[in-house]
Structure formats: structure tokens, C-alpha cells
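# Structural description and commentary
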Amino acid sequence: MSERGEVTRGEGCAALPVAAVVVDTPLAHLDRSFEYLVPDDLLASAVPGARVRVRFAGRDLDGFVVERYAEPTHGGRLSPLRRVVSPEPVLTPELLTLCRAVADRYAGTLSDVLRLAIPKRHATAERALPLDPPPPPAPSTPANGPALQPGPWAAYPAGPAWLRRVAAGEGPAAAWTALPGRPDGQDWPDAFATAAAAAVAGGRGAVLVVPDHRDVDRLDVAITGVLGPGRHVRLTADQGPQARYTAWLKARRGHVPVAIGTRAAAFAPVHDLGLVAWWDDGDDLLVEPRAPYHHVGVVLETRARHTRAALLAGGLARSLELQGRIESGAFVAVEAPTPAVRAAAPRVGVAGEGSDEERDGVAARAHLPSRAWRAAKDALHDGPVLVQVPRRGYLPALTCAECRAPVRCVCCHGPMALGGPGQQPACRWCGSALPPGRFECRECGSRRLRSTVTGARRTAEEIGRAFPGAPVVTSGSGEVLGAVPDEPALVIATPGAEPVARAGYAAVLLLDAWASLELPVLDAASESFRRWAAAAALVRPGRAVVLCGVAEGAGLPAVEALVRWDPGWLAARELADRRELGLPPAVRMARLSGTRRALGEALSQLDLPTGAQLLGPMPAPAGSRTSRESLRAGDEWHALVRTGVTGTAELGRALIALKALRSARKESELVTVRVDPVDW
């Protein structure tokens, strides 16, 4: 018990009648704990971490007890706790510290983070799961036997040493660049499972986070093979309330030492954490789409710093954030030697280069170039062929056939698209359809339309006609396949939806490279490489990968990096450019968005940290508007605040103070604050 008399873990609570409660409210000026009186009948059950109901601002709200102590600091009369929802201490001190750090880092509120970190209670699951964990496995089980075997890590010079340090209970941080085309038993899920087994062998736990459910499925199989059944839990969004809460409780009560899953698994309450790992740092699925919009990597790095756990950030590509951490010395690069990379890398060719144009003429740069057609035709004899298409849908972008001006919706100015054959063009944002024969270009008056991008569905039609008799399989929005058989077939997939072929693909075609390279985002080059590398890594060793749609004569770093398979070079080059231009992640950025009037008021109230720069305000692009009201009215403005990386904490405090001030004043118009936005 401390000088104030607050209870600590393992002490009794009977003589501590005051409870500090974090109330579930999104209001920024109320983002703190409040004192309540603990009634006599709740003295034993209202333990720190328990869920409670309290009276707050005239309503009954949920909350968590964070402290119990003998004397209040508040001078007035304390309201009593309404009831204890559950005596289960779900909000542990470690989790509370982590959630508060994440809220401060992203200028959010604690209640927003807690809502994402702790699943809703399921009473049946809470009663059905035993309180005491099962006995640990005998030393002869896989969890304690082969954990120190390097396995897939033997291919990387620094891998075995890093693994030994994890097993010894140390906290090394590694940025791992995985080799492509690895067979079963040597691929990245097996490497993650081996790392988790090393942490378990050292008597500690592990949290492994991946972008989507298909990655979770692969990791699930690998973990079970290394640790055995019943030694880990899954935490994903597709679980039902009971299954998810049961899995979360198993980690909380110490039944399992390892938790795997998607974003929310980053907060899994694993005991004695020894390893945190995440795969594919650049994938936007690792960014939480709800406030405070945190990134899994930042959460896990914060968690490792508090618990002294080891870190592992793996991927086929390397994000600029990780490159910066490597250059600062916070992470150590774990890579294979150059000869091993060259031996494992796919044979990448760029359509339209060399003798292609002389031999094929204009067909060398068609949507499906002759070089790609020949590669697919030769490969279909002995296996599936993967065709990556950068856009989903049928014809997702339309322009005027004469002047090439984009076709926009008359209602919301959104992009018009064709959903299928025989359909009328419709807006991708509001769904408004273009009446038959009513199109007239605002620039030149033409009434003819043309497509600028071919979607996955239209590509499947075209390729089906180009290869009659070959099965065509699609994987993308609506139905994402986890795997395909090792039989001849054409697999059309959008980025991130590529299914795995057990023996690898016989060839990979990357269509419309220009559509990825011309993405209206700051990370277009690194994101293009990441998408291409994820697909190219699925090809069999020595087989062809054809990149199609690269502009003639363009010396693009992303294309060069793919041909040479050198993600580190691309990341270092892009980061050096960002430093010179003062762009993220070399600097820290925050974006404030709202109507022109509200944003102007907020900027006048913002106390900028020393050295911070204000850029704007300026009208927000139509595609980045954050509310339906501003979308309809066309009145959304935004401003950027830029500061050095060392000023992250000061910027966060300034933004939190701004949100608290506007919340306390009950400003009618919302100003959205987002730190490190991904859609630059």
C-alpha cells in the first residue's frame, strides 16, 4: 500500500472505501478518473480493474475501477458506485498504462482506447472458464523442446543470435526482411511461430499481430505445429462475442502464453510478455480506422518498452517508419546475405522493355501485353497463374473519350464507375446513376465515355477469353480466398487478396503498374513495391514475374527495387528524400479537419509547441472529407501541424488540450484531429 493508501495487487480492499473510476465517456475534458464511494456490500468485489456502473452527469455509465484508497482527494460528498458489473479485474495496471500511453501519443481519450482494448463482457464465458490456469506442459512437449532450434531463422545470419536472446528473456528489437518463395515449414508464419516458442521456452509470453484473417489462419497452423494444441488463442473481428471474450480471458487468466490475431490482439493481456511481433508494417489494415487511429506497430513498440519484451517487425517490404528506426539504432536489421536473396528472388521482367516493343509493337504495352500472355500460356501447363489487378470492380474509373477529363458525379463530385456489363455508370460515393444518353463532358462537350482503369471483374472476363478452357478464379472484395489448389488455373486477385498456392504459382502477372504508381498518396512508391512484392513472393523459385503497365522510359525506384529485389535500398532512398523535404516519417504531422469556420476557431485556440509549423488551412480534397455533411456541402477544410520527431509528446499535449477546451465549451461543430494520418 502506498502513502496515499491505494490498494496494490494482492492486498485486501475492505478498508479502502474510495474508488477512482475511469468513466466511459468520449468527452475530452472528462478524460480522467473520478472518485466514488464504495458501499459496504461492494467492498470485496469492486477491486482495481473491475467493471462498474456509476452515476455520471445524470446518467448511469460504465467504467473501470483503477484504484482503491482510504481517503478521497475530493472535498465534497462522493456518489456511491451503482453496482459492480463483474469482479473480474480486466483492466490490469499494465494494460491501463499502455492504453493511456496510446491515447496520449495519438491525441485521443482513454475511453476510446479501452473500448478497443477490452472486449465486451460475456457473462456465460466468464463463468464457464476456470479461474486457475492448467498446469504447464512437461519439458518433453514441443513448447519446451524445439523452441531453441533456429528453423527458418537459420537462413539469416543474425537470426539464431536474436532467437537465443529472446529465449534468455532479453528484449532485442529486430526489423526482419523475409525471403520470398519459401516452402512450407520455412515461410514467415513458421518463423513467427519459432520466435514465439523461444519466448515460451524462456518462461514468457508472446503477442503476434497480422493484417487479416487469412494470415491468422496460416499463423494458427504454424503455432499449433510448434507449440502443440491449446497453447495459444486467436483474437479476430470475425469471432462471436462469447468466443472472443473466452479467448481474451484465457490470456488474462494465464491459460495460454501466446495470443495471435488482427489489430485488437495488440492489447491481448498475455502474462509476462517476452515477445511482440507484427507482420507487414506498411499494410493499412494495421491502422485502426476508429479514434484514436493508432498503428499496431506503435502500440506494440510502446508495450515492449514498458515490459522490456523483444520486438519483431517482419515483412517482405520495409516501411519508411521501420527504416527510420533502423537508422536510429532502435531496431537491428535481420536480412539474408545477398547471394541467398538473389537465389530466392523471383525472375522479374518488365513488359515493354528490351525487344518487346520491336517484336510486339503496340501490343507490348496493352492491358495484357504479349510478354505476359506468353508467360501465362507457358506456365498454365503445370500450375496456377496469379494475376494481380490493382483495382476491384468492373470499370472503376471513367473519363471523356475525347479530352480524357475524369467523369464526376453531379451530386457529390465523386468518381463515376461502371459496375458491370449493361449497367449505367454510377457514382462510387453516393450511388447516383447517370441517366442513359445524358453524359456531356463539361470540358469539351463530348458525349462518349472511355475507361481508364480495368477492374478485377473485367480483367477476369478478358483473360477468360484470352485463355479459353482455362479455369478462372477471382479473389477480392466480397470473397477472399485463402488458398487455391496446385492445378492449372488463372487466379485474378486484388492487392492483399492473393490466395496461397501450396507449391507456389507457376507465374505471376502484375497488371496496370501505373495505377499503383500514380496513387494520390505520399507513399505511392513504397506501397506499390509492397503490393507487388506480396504477389511476386508467391511464385515458385526461378519462375517468371511480369510487371505490366510501366510508363515507357521511366526509371522508377519502385520498379528498380522489384527487379533487383532490394526493399532496403528503396526504403533508405525514400526516407532520405522525405528528410530533405521535411515530410513524414522524418517529421511528425497532425491533421485538423472541419468546416472553415470551426477549423479557424480551433486554430486560434491551439497553443502550438515551440518549433511546430502550421500549414494551412486549405480546402480538403473531395475524397478526404470525413463527414457526410461536409461531403454534401463541400465545406471541409483542413490544416496540418508539423514538428520534429522529438516533439511528438509536446504536439500530443497541445492537441489534447485543444480537444479538451472545445469539449468543455460544448462547441457545436466538430474538428477532427488525427496524428500521423495515412492518407496523405
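See above for the structure.
Residues numbered from 1 in each chain as written. Predicted model: local features only at pLDDT ≥ 70, side-chain atom pairs only at ≥ 80, totals over all residues. Heavy atoms only, no water.

## A short note on the packing of aromatic side chains
For any pair of aromatic rings, geometry is given as the distance between the ring centres together with the angle between the planes. For the structure on display, the rule yields 13 aromatic pairs. Between Trp 176 and Trp 279, the aromatic rings sit 5.9 Å apart at their centres with planes inclined by 55 degrees, giving tilted as the arrangement. With Trp 176 in strand E6 (residues 173–177) and Trp 279 in strand E10 (residues 273–279), this pair connects stretches of sequence that are 103 residues apart. Of the two residues, Trp 176 and Trp 279, neither departs from the other in class, the shared state being buried. Between Trp 188 and Phe 192, the aromatic rings sit 5.7 Å apart at their centres with planes inclined by 85 degrees, giving edge-to-face as the arrangement. In this pair, Trp 188 and Phe 192 are both assigned in helix H5 (residues 188–201), 4 residues apart and thus about one turn of the helix distant. Since its relative accessible area comes to 0%, Phe 192 is described here as buried. The lysine or arginine in question, Arg 105, covers the ring of Tyr 106, its NZ or CZ lying 4.7 Å from the ring centre. Against the face of Trp 569 rests Arg 564, its NZ or CZ located 4.3 Å from the ring centre. (Phe/Tyr/Trp six-rings, centres within 6.5 Å; stacked < 30°, edge-to-face > 60°. Helix = DSSP H or I, 4+ residues; strand = E, 2+ residues; numbered from the N terminus. Buried < 20%, exposed > 50% of the residue type's maximum accessible area, 1.4 Å probe, protein only. Lys NZ or Arg CZ within 6 Å of the ring centre and 35° of its normal.)

## Focus on the pairing of strand E1 (residues 18–23)
Among the 6 residues in E1, 6 count as buried, and that is most of the element. Side-chain alternation along E1 places Val 18, Ala 20 and Val 22 on one buried face and Ala 19, Val 21 and Val 23 on a second face that is also buried. Looking at chain direction, E1 and strand E4 (residues 59–69) are connected through 6 bridges and run antiparallel. Its bridge partner lying in E4, Val 23 is registered against Gly 63. (Pairing = 2+ DSSP bridges.)

## Structural notes on the packing of helix H1 (residues 93–105) against helix H2 (residues 110–117)
Each pair of packed helices can be described by the angle between their axes along with the distance between the axes. Where H1 contacts H2, the axes come no closer than 8 Å and their chain directions differ by 125 degrees. Here H1 is positioned oblique relative to H2, judged by the angle of their axes. Here H1 runs over H2; the crossing is right-handed. From H1, Leu 95, Leu 96, Cys 99, Arg 100, Val 102 and Ala 103 reach across to H2, where they touch Leu 110, Val 113, Leu 114 and Ala 117. (Axes fitted to C-alpha atoms, helices over the stretch in contact; angles between N-to-C directions. Parallel < 35°, antiparallel > 145°, perpendicular 65-115°, else oblique. Left-handed = near helix turned anticlockwise from the far one by under 90°. Contact = heavy atoms within 4.5 Å.)

## Side note on helix H15 (residues 524–536)
Relative to the 18 Å expected for 13 residues at 1.5 Å per residue, H15 spans 18 Å between its end C-alpha atoms, a close match to the ideal helical length. Counting buried positions over the 13 residues of H15 gives 12, a clear majority of the element. Buried within H15 we find Ala 524, Ala 525, Ser 526, Glu 527, Ser 528, Phe 529, Arg 530, Arg 531, Trp 532, Ala 533, Ala 535 and Ala 536. Its buried side turned inward, H15 meets strand E14 (385–388), strand E23 (507–510), helix H14 (513–517), strand E24 (544–547), helix H16 (557–564) and helix H17 (567–581). (Expected span 1.5 Å × (residues − 1).)

## Overview of H16
Pro 557, Ala 558, Val 559, Ala 561 and Leu 562 are the residues of H16 that are buried. The inward-facing, buried residues of H16 abut strand E13 (347–350), E23, H14, H15, E24 and H17. Backbone geometry just after H16 places Trp 565 at a positive phi near 50 degrees.

## As for the environment of Ala 117
By the element assignment, Ala 117 lies in helix H2. Here Ala 117 falls in the buried class, since its relative accessible area comes to 2%. Excluding anything up to four places from it in sequence, Ala 117 contacts Leu 95, Cys 99, Trp 248 and Phe 267.

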